[in-house]
Amino acid sequence: MPKWIKIDPVTRIEGHAKITIRLDDNGNVADAHFHVTEFRGFEKFCEGRPFSEMPGITPRVCGICPVSHLLASAKACDAILAVNIPPTAAKLRRIMNLGQIVQSHALSFFHLSAPDLLLGWDAPIDKRNVFGLMAADADLARAGIRLRQFGQTVIEVLGGRRIHPAWAVPGGVREPLTAANRDLIRAGLPEAKATTLKGIEIFRSLLAKYETETQVFGNFPSLFMGLVAPDGSWEHYGGKLRFVDGSGNVIADQIDPERYAEYIGESVEPSSYLKSPYYRPMGYPAGMYRVGPLARLNICRRIGTPLADDELVKFKALGWGAVTSSFLYHYARLIEILGSLEHIEKLLAEPDILSERLRADAGINKLQGVGASEAPRGTLFHDYEVDDNGLVKRVNMIIATGQNNLAMNRTITQIARHYIQGPDIPEPLLNRVEAGIRAYDPCLSCSTHADGRLALQVTLRAANGEILDEVGRL
Amino acid sequence: MAAKVFTIDGQQITATEGQTVLDAAQDAGIAIPTLCHLDGVMDVGACRLCLVEIAGLNKLVPACVTKVTDGMVVTTNSERLQRYRRMIVELLFTERNHICAVCVSNGHCELQSLAMTLGMDHVRYDYTFPKCAVDPTHRLFGIDHNRCVLCGRCVRVCWYIEGAGTKNFSGRGTQSRIVSDLNAPWGNSRTCTSCGKCVQACPTGALFSKGAAVAEMEKDRGKLEYIVTAREKKQWIV
Ligand code: SF4
Ligand code: FES
């Protein structure tokens, strides 16, 4: 008799979600689904608003990565104005995005995942959180917190505030970087780099111990997508789209994000509010692709900074052509922090970085605009259509977590197959399914559960809906 | 001109002949909340936020249109007045869709600062969520009826300072809207001189300069007073 295992809600991912694992008649895992029940409505209620308000409205989609929405939105508006924004404005936007990548990745690794990695999946639930980490390795926990703070400081000094800065505007940015703030950011770089290198060292030392996890936490070939520079280097703000396959072969390259709809289809599944995008030429669901840190490192040739490039070589050696294990998202994240820090340093040294020419002024010169940027979790698209007066007629957003949806389902299925051998729900399964999902650092709504409290509800259901077993704990 | 001596919040004050309670209070450094009042433009007593108590009078009167009389005893800040003022602001918020966080005037809005000074930490009435349009047809400016409080400041500056007579009220009650000409799209108005005085006069983000992003719309009301003083007193004081 088929059975259902439901894990509800998943903690220590940012948002709320349920997981259902369906068993077949033999008690083997048939498939797994990750239900997202929260992301909704933004596209609809932006309709009718003046487009210039969009960079202020859309960051409200998410309190975790508002900067990413801010930048994608500002870029879509730049496209409607049909302007090239002043070079300094573009550099400052880049610095802010890098700050966002640092703070978000630091949160993911040091606060949310390090407790699992360092204390073990099966450490007691009340210890396996950032406070437990504090008790076990206070220096590391503190350094992680400070690293995140550094990223937040970058955002704050540029945007004037840490959350929802309304600083990027159509045509550029509103405020310049002051010399004092440049020096403030610079002063934080050495410590931030040291912490990141320490994190990398720790993660590498754990690789052997977590061989099983590397194998079963979402290790499968898939496509990878993200932005790359014209020369194929790592990108996060500009550049064009590139798709590579599971062996690292480039299958589509230098695609203008404006043409995303030709390459990305969006399927909607009844079980989830998340749209599941796929690579159109290969169809659904074969065109499953992953985005985010793992994808960005798989598609790029180099990061363009010395320390990160050294690490990239070691990272690439973990795969054949492409690194296919989602467990290694963690590693990719750390390398991206390093690259971001080095890129911030480079940008701060630009001679025109304090310039006050920051905003291009123009009217409505195009009735559609697409803006893409790399959010910490993957490529983010904002696509707006406006009328002659600039009122928004249609909005489409493709968010990173949605693009990883198919891969997350695949990952849960793989983990469940490995750990479920009978009719029972083995204890280690739950923690590992959660950890498998957490590798993607999915961002599902606007709430953070950094306290690490594991509230689990597991329901075992027969095909007729009858509850066979229920395990719950708070 | 005969001076009037009256009492306001226990303080003896001298006012000039014809001065309003609001004006005299402001001269004496006593703040009374206002919304439809705009320095330099005639008052109409529309918003009722400036209500004060006058000894011997049973009803409350708006300070902006009440002239000082000799021996008047005025209270500006009783518990009852505070309650009413807060109620008025709450009702203003429920009447349209004021979403400060994503508004062009966030941080520079008179309605928002009123709500803050009056201690409006939440709204006790049901929001009406009316469907309101945005008119973006003017080349330079837009009006978002979601944010209009019907104070009529735009109408008054348009008629009495610019003399164009473009802006007006249409409809009654909840259907009331600010219109241009005889309800034409603003961009088609034959009378609008595109002077922008209405935009500067508007206390909220309802009237805005096109292209303004969130929190970017700061109004410059000093200009209006400058023009009025120049015209009426022949004094060009910047
Ligand atoms: S548009 Fe502004 S100034 Fe005119 S009535 Fe409405 S709130 Fe008052
Ligand atoms: S300010 Fe007096 S009634 Fe509005």
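What you see is a predicted model, and the numbers here were worked out from it, not measured in a lab.

> Please give an account of the sheet that holds strand β8 (residues 250-255) of chain A that cites residues and values.
All names here are of chain A. If you walk across this open sheet you meet the four strands as β8-β7-β6-β11, and the pairing is mixed. Every interior strand has two partners, whereas the edge strands, β8 and β11 (289-290), have only one. With three bridges connecting them, strand β7 (residues 240-244) and β8 associate as antiparallel partners. Note on β8: the bridge partner recorded for L241 is I255.

> Explain the site of ligand 1 residue by residue, including any values.
Lining the immediate surroundings of ligand 1 are 13 residues, of which C148(B), C151(B), G152(B), C154(B) and C202(B) lie closest. Residues of the shell around ligand 1, tallied by class, amount to 10 nonpolar, two polar and one charged.

> For the interface of chain B and chain A, give the residues involved together with the corresponding values.
In many analyses, interface size is given as the accessible surface area lost on bringing the parts together. Counting from both sides, the interface comprises 17 residues of chain B and, opposite them, 14 residues of chain A. The contact between chain B and chain A buries some 1200 Å² in all, and 52% of this surface belongs to carbon and sulfur atoms. Among the residues chain B hides against chain A, the three largest losses belong to V102(B), V214(B) and E216(B). Together they make up 34% of the total. There are four salt bridges connecting chain B and chain A. Between R359(A) and E216(B) there is a salt bridge whose closest N-O contact spans 2.3 Å. Inspection of the chain B/chain A interface yields six residue pairs in polar contact (both at pLDDT 80 or more). When grouped by side-chain class, the residues that make up the side of chain B that touches chain A number 10 nonpolar, three polar and four charged.

> Please provide a residue-by-residue account of the environment of A206(B), values included.
Residues and elements named next belong to chain B. With respect to the helices and strands, A206 occurs in the loop between α5 (197-201) and β10 (207-209). The exposure class assigned to A206 is buried, which follows from its relative accessible area of 3%. Spatially, the C-alpha atoms of A206 and T174 are 16 Å apart, while their sequence positions differ by 32 residues. Each residue touching A206, except ones within four places of it in the same chain, is listed here: G142, I143, D144, R147 and C148.

> Give me the pattern of salt bridges: which residues, what numbers.
All names here are of chain B. Evaluation of the coordinates by the stated rule reveals 36 salt bridges over all chains. Notably, a salt bridge pairs R83 with E79, separated by 3.2 Å at the nearest N-O pair. In this pair, R83 and E79 both sit in helix α2 (residues 79-95), four residues apart, roughly one turn of the helix.

> Please provide a residue-by-residue account of the domain arrangement of chain B, values included.
Residue and element names in this part refer to chain B. According to the domain assignment, chain B contains domain 1 (3-77) and domain 2 (99-232). Each partner contributes residues to the interface: domain 1 has 14 residues there, and domain 2 has 17 residues. Buried surface at the junction of domain 1 and domain 2, both sides included, amounts to about 1200 Å², of which 74% is carbon and sulfur. In terms of surface lost to domain 2, no three residues of domain 1 exceed L35, L38 and V41, which account for 45% of the buried area on that side. Here domain 1 is connected to domain 2 by zero salt bridges. At the surface where domain 1 touches domain 2, the tally comes to four residue pairs in polar contact (both at pLDDT 80 or more). Class assignment for the residues of the side of domain 1 that touches domain 2 results in nine nonpolar, three polar and two charged.

> Could you give an account of the domain arrangement of chain A, with specific residues and numbers?
Residue and element names in this part refer to chain A. When cut into domains, chain A gives domain 1 (1-39 + 413-439) and domain 2 (84-219 + 325-361). On the domain 2 side, the residues contacting the 13 residues of domain 1 number 19 residues. Taken together, the two surfaces of domain 1 and domain 2 that pack against each other cover about 1400 Å², and 48% of this comes from carbon and sulfur. Between D116 and R438 there is a salt bridge; the shortest N-O distance is 2.4 Å. Taken together, the connections running from domain 1 to domain 2 amount to four residue pairs in polar contact (both at pLDDT 80 or more).

Conventions we followed
Residues numbered from 1 in each chain as written. Chains lettered and ligands numbered in written order. Predicted model: local features only at pLDDT ≥ 70, side-chain atom pairs only at ≥ 80, totals over all residues. Heavy atoms only, no water. Pairing = 2+ DSSP bridges. Helix = DSSP H or I, 4+ residues; strand = E, 2+ residues; numbered from the N terminus. Near = heavy atom within 4 Å. Nonpolar A, V, L, I, M, F, W, Y, C, P; charged D, E, K, R; others polar. Contact = heavy atoms within 4.5 Å. Buried area = accessible area lost by both parts, 1.4 Å probe. Salt bridge = Lys/Arg side-chain N within 4 Å of Asp/Glu carboxyl O. Polar contact = N/O pair within 3.5 Å; in protein donor to acceptor, adjacent residues only side chain to side chain. Buried < 20%, exposed > 50% of the residue type's maximum accessible area, 1.4 Å probe, protein only. Domains from an automatic or database assignment.

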